[in-house]
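Observations on the three-dimensional arrangement
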Amino acid sequence: MTAAGIARLAGVGRAAVSNWRRRHADFPKPVGGTETSPAFALRDVEQWLRDQGKIAEVPARERVWQQLVGHPAGAAAALRQAGAVLLLVQERPAAWRQLRAAADDAELTGVLPAMLESVLTGRLGPEHPVRGLTRAALAPSAALVRAAGDLATADGAAAAYDFLLGRHLDANPRQYTLTPPGPAALMAELAASAGPFGTVLDPACGAGGLLAAARTADAAPLALHGQESDPDLAALTALRLALEAPGADVRVRAADTLRADAFPQLAADAVLVHPPFNERNWGHDELAYDPRWEYGLPARNESELAWVQHALARLRPGGTAVLLMPPAAASRRSGRRIRADLLRRGALRAVIALPAGAAPPNNIPLHLWVLRKPGGSPAVAHLLVVDTAASAGRDKFDWQTVRATAVDAWRDFDRDGGIEEVPGVCRSLAAIDLLGDDVDLAPARHLPPPAAAGGPAELARVHDRLTATLARTAELAPHPGTDTAAAQPPAGRWPLTTVGELARSGALVLRAGGPGTAGPGGGAPAVLTDHDVIGGLAPSGTLPETPTGASPEEPVLVQEGDVVVPVLGGGATARVVDEATAGAALGRNLTLLRPDTAALDPWFLAGFLRGTANNRQASSYASTATRLDVRRLQLPRLPLVEQRRYSRRFADLAAFESALRLASRLGEQLVQGLHDGLTDGSVDPD
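Overview of the structure. Since we're looking at a predicted model, the values are computed, not measured.

Within the protein chain one finds 24 helices and 21 strands. Overall, the C-alpha framework of the protein chain stretches about 95 × 80 × 40 Å when taken along its three principal axes. In the protein chain, which comprises 686 residues, the share counted as buried stands at 48%. Across the protein chain, the fraction of contacts at a sequence separation of at least 24, relative to all contacts at a separation of at least 6, is 73%.

Here it is, written out as structure tokens:
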């Protein structure tokens, strides 16, 4: 196990493990790994933690996970074996109890393969992908088999496998592209809005997130079909779905979908797909005459349009497909003929733009395409375009609002065949109006902006706020003063101390931001990010989700009067936390200073920390960024009464700075609003 595994086992951070290794000569020595990432024996670590009183017993989940990680056949193969045993426990608990009680290791691994094959065939069909569970493969896994079975008995088979699979996926983030739970649930909800579906297909199922989301939609499907090109991942996904959906018919196959379709005769009620993006080797040459290309042969660089047509080919007439697509697929010239035919025949019904960060790759705003296979009723010659970026919020990502915007617009459009236009958000377009040279379907190209930021009345309100703010800014503008004789000695002649010395003496508490996860049930605090501190904004971040099976980590919460300092690229910046910001979680690349107000005034502290010379002497320079060593920042040793003289001036400067920022934002809003109003006709030039 690695240092990260030890930290998780003991419920501490990785820094604590590094500290134990330095301070305790009897800490277990590495038995493998590398110098930078050593590996330790689970038994030795467990015994040391017990001797030190840091744990009473290794949790059963953690013990099984460590056995998986150290398995000689690799974690994926071990997880396949453990998942098959969990399925056996769930499907035939009496047989497992009898086998577990009576069999020694040799008898267990001798009888088990036939039992596992029987239960796998019964749940996943004779062509199931969970292969290789022979006596020879299971012989080294007797301890793992018993531990997995015991874990299923204690926690439930589905919950145990969810923990183990989740930990495996988290440990290999570059190997798997996962669909986040939010977009997966949205896609399933869009597909289910047309009514209950009995069969759902994901032809690029990956870890099964979309099929699992379909089970939690309004009408859970009776049959789940998936295909995945990676045999190991296909096996793990098949086990996941069989365990999570005990009443459903689960069929998962391992093969390249476009080249070797495993379900050529399927007519599904719904298809959900997060296809691989920008694939050039998808089979363009050998599949040129494939009957699936009903709307045209996709170009070599248009693999996504091949997946679109595959999804339509596997739908029943009137069935719904929802695909997560890159934005380029809506506008590339090479795909314009296929897009045009999809529109003419009423197959493409909606294009919904998600905000950037909704799903990987997180730097671009992906699209959802909603399609309906033509058949029966006349083709619908309109397309719904929705842009959810505005509803996501400028400073904070609000996924629930994004979901509601998309689902409400689609349901209204699907029910009535049209929708009331909302500038900047949604619009129904006649297909004939889109059939130009490019057939560009990007929602932002067809949605009019909100009329002049709310129209002339709103612009008048912005103007009045700006006028008042500018007047306030003039009142707050500080005068540097001219009485140089009354000035205090330069900072270099004051007796100085450092933040590190103040922390050691107890005059302030020093905390670093970053660790912390959201617990179940919502209600997590917003995160104060370094961007918020530098820009003077309200907390805009969100806590990451707690990894599957782990306990939530308590974040550092800021209090009124704390001083927050960015440590990376913030320049001379320090912010005193006010009542509105108190309670937020401290984000990464931030350091919190909590002064003892009986000895140290917060505004005095923040003001002196912002000195340019002070920041320069406390900074370390890397090749690409400047990192601030907060402990090296200096401030003068002054009595509290003298501190407060400076404190009042620093607070005045902060108020002036805040007014300047507000005036800048209002000015930008007024200028852009007038440009929009003049160009869309809502504001008269005179």
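On to the packing of aromatic side chains, then. Evaluated as defined, the whole model comprises 11 aromatic pairs. A centroid spacing of 6.1 Å and a plane angle of 35° characterise the contact between Trp 410 and Phe 413, whose relative ring orientation is tilted. Here Trp 410 pairs with Phe 413, and both are found in helix α16 (residues 399–416), just three residues apart, close to one helical turn. For Phe 413, a relative accessible area of 0% translates into the label buried. Considering the side-chain rings of Trp 494 and Phe 608, the 5.9 Å spacing of their centres and the 80° angle between planes classify their relative orientation as edge-to-face. Taken together, the positions of Trp 494 in the loop between α19 (456–476) and β12 (496–498) and Phe 608 in helix α22 (residues 602–609) put the pair 114 residues apart, joining distant regions of the chain. Residue Trp 494 shares its accessibility class with Phe 608, and that shared class is buried. An aromatic cluster is defined as three or more aromatic residues linked by ring pairs; in this entry it consists of Trp 494, Phe 604, Phe 608, Tyr 646 and Phe 650.

Enumeration over the complete set of coordinates arrives at 35 salt bridges. A salt bridge links Glu 91 to Arg 123; its shortest N-O distance comes to 3.4 Å. With Glu 91 in helix α5 (residues 75–91) and Arg 123 in helix α7 (residues 105–124), this residue pair connects regions lying 32 residues apart in the sequence. Here Glu 304 ties to Arg 332 by a salt bridge, and the two come within 2.8 Å at their closest N and O atoms. Placement of Glu 304 in helix α14 (residues 303–313) and of Arg 332 in the loop between β7 (315–325) and α15 (336–344) is noted, with a sequence separation of 28 residues between them. Arg 332 matches Glu 304 in its accessibility class, with the two residues each being buried. Taken together, the shared-partner salt bridges connect Glu 189, Arg 403 and Arg 411 into one network.

In globular proteins that are soluble, nonpolar side chains generally tend to be buried together. Ranked by internal contacts, the top residues of the largest apolar core, which has 91 residues, are Leu 120, Leu 190, Leu 272 and Leu 368. Apart from the residues within four sequence positions on either side, Leu 368 is in contact with Leu 186, Met 187, Leu 190, Val 322, Leu 323, Leu 324, Ala 350, Val 351, Ile 352 and Leu 354.

Looking now at the sheet that holds strand β8 (residues 348–353). Within the open sheet, the nine strands sit side by side as β5-β4-β3-β6-β7-β9-β8-β10-β11. Their pairing is mixed. The sheet terminates laterally at β5 (249–254) and β11 (426–430), the two strands that pair on one side only. Each adjacent strand pair in this sheet contributes to an overall mean axis angle of 15°, direction not counted. Alignment of β7 against strand β9 (residues 367–372), held across six bridges, turns out to be antiparallel. The residue of β9 that forms the bridge with Met 325 is His 367. Of the strands in this sheet, β4 (223–228) and β5 are in contact with helix α13 (residues 231–244), which crosses β5 at around 175°. Where α15 meets the sheet, it contacts β8, β9 and β10 (382–387), and its direction lies at approximately 50° from that of β9.

Here we come to α7. One turn of an α-helix holds 3.6 residues; hence residues three or four places apart share an orientation. If you check α7, its first and last C-alpha atoms are 27 Å apart, about what 20 residues at 1.5 Å a residue would give, namely 28 Å. A bend of about 35° at Leu 112 is the largest found in α7, and the proline Pro 113 appears one to four places after it. For α7, every residue scored as buried is listed here: Leu 108, Thr 109, Leu 112, Pro 113, Met 115, Leu 116, Val 119, Leu 120, Arg 123 and Leu 124. In this structure, the buried residues of α7 make contact with α5, α6 (93–102), α8 (135–138), α9 (142–155), α13 and β5.

Next up on the list: the sheet that holds strand β18 (residues 590–595). Working definition: the strands of a sheet are paired by backbone hydrogen bonds and lie parallel or antiparallel to each other. Spatially, β13-β18-β15-β16 is the arrangement adopted by the four strands of the open sheet, whose pairing is antiparallel. One side of each edge strand has no neighbouring strand; the edge strands of this open sheet are β13 (508–512) and β16 (575–576). Across the sheet, α22 touches β13, β15 (563–566), β16 and β18, and the angle it forms with β15 is around 15°.

Let us look at the pairing of β18. Burial analysis of β18 places five of its six residues in the buried class, which makes it a mostly covered element. Pairing of β13 with β18, which is carried by five bridges, proceeds in the antiparallel orientation. Paired with Arg 511 across the bridge in β18 is Leu 592. Bridge analysis of β15 against β18 gives four bridges, and the strand direction is antiparallel. Paired with Val 564 across the strands is Leu 592, a residue of β18.

This paragraph deals with the side chain of Gln 66. Here Gln 66 is to be found in helix α4 (residues 60–69). Note on Gln 66: relative accessible area 9%, which makes it buried. Sequence-distant contacts of Gln 66, that is, excluding residues within four places in its chain, are made with Met 1, Gly 5 and Leu 42.

With that out of the way, let us pick up the pairing of β15. Burial along β15 is two-sided: Val 563 and Val 565 facing one way and Val 564 and Pro 566 facing the other are all buried. Note: β15 against β16, two bridges, orientation antiparallel. When the sheet's bridge partners are listed, Val 563 is paired in β16 with Val 576.

As a further point, take the packing of α19 against helix α24 (residues 640–680). It is the contact of α19 with α24, at a shortest axis distance of 9 Å, that shows an interaxial angle of 155°. By the angle class used here, α19 and α24 are roughly antiparallel. Between α19 and α24 lies a crossing of left-handed hand. In this structure, α19 uses Glu 458, Leu 459, Val 462, His 463, Arg 465, Leu 466, Thr 469, Leu 470, Thr 473 and Leu 476 to contact α24, whose residues at the interface are Ala 655, Phe 656, Ala 659, Leu 660, Leu 662, Ala 663, Leu 666, Gly 667, Gln 669, Leu 670, Gly 673 and Leu 674. Counted by class, the contact of α19 with α24 contains 14 nonpolar, six polar and two charged residues.

Once that is clear, we can look at unusual backbone geometry. With an omega dihedral of -5°, the bond running from Pro 360 to Pro 361 counts as a cis peptide bond. Turning to its location among the elements, Pro 361 is positioned in the loop between β8 and β9. Although it is not a glycine, Asn 278 sits at a positive phi angle of roughly 55°. Among the residues examined, Asn 278 registers a relative accessible area of 55% and is labelled exposed. The backbone of Asn 589 shows a phi angle near 60°, a positive value even though the residue is not glycine. Within the secondary structure layout, Asn 589 lies in the loop between β17 (585–586) and β18.

Analysis parameters
- Residues numbered from 1 in each chain as written.
- Predicted model: local features only at pLDDT ≥ 70, side-chain atom pairs only at ≥ 80, totals over all residues.
- Heavy atoms only, no water.
- Helix = DSSP H or I, 4+ residues; strand = E, 2+ residues; numbered from the N terminus.
- Buried < 20%, exposed > 50% of the residue type's maximum accessible area, 1.4 Å probe, protein only.
- Contact = heavy atoms within 4.5 Å.
- Phe/Tyr/Trp six-rings, centres within 6.5 Å; stacked < 30°, edge-to-face > 60°.
- Salt bridge = Lys/Arg side-chain N within 4 Å of Asp/Glu carboxyl O.
- Core = buried A, V, L, I, M, F, W, Y, C linked by side-chain atoms within 4.5 Å.
- Pairing = 2+ DSSP bridges.
- Axes fitted to C-alpha atoms, helices over the stretch in contact; angles between N-to-C directions.
- Expected span 1.5 Å × (residues − 1).
- Bend = angle between axes of the 7 residues up to and from the residue.
- Parallel < 35°, antiparallel > 145°, perpendicular 65-115°, else oblique.
- Left-handed = near helix turned anticlockwise from the far one by under 90°.
- Nonpolar A, V, L, I, M, F, W, Y, C, P; charged D, E, K, R; others polar.

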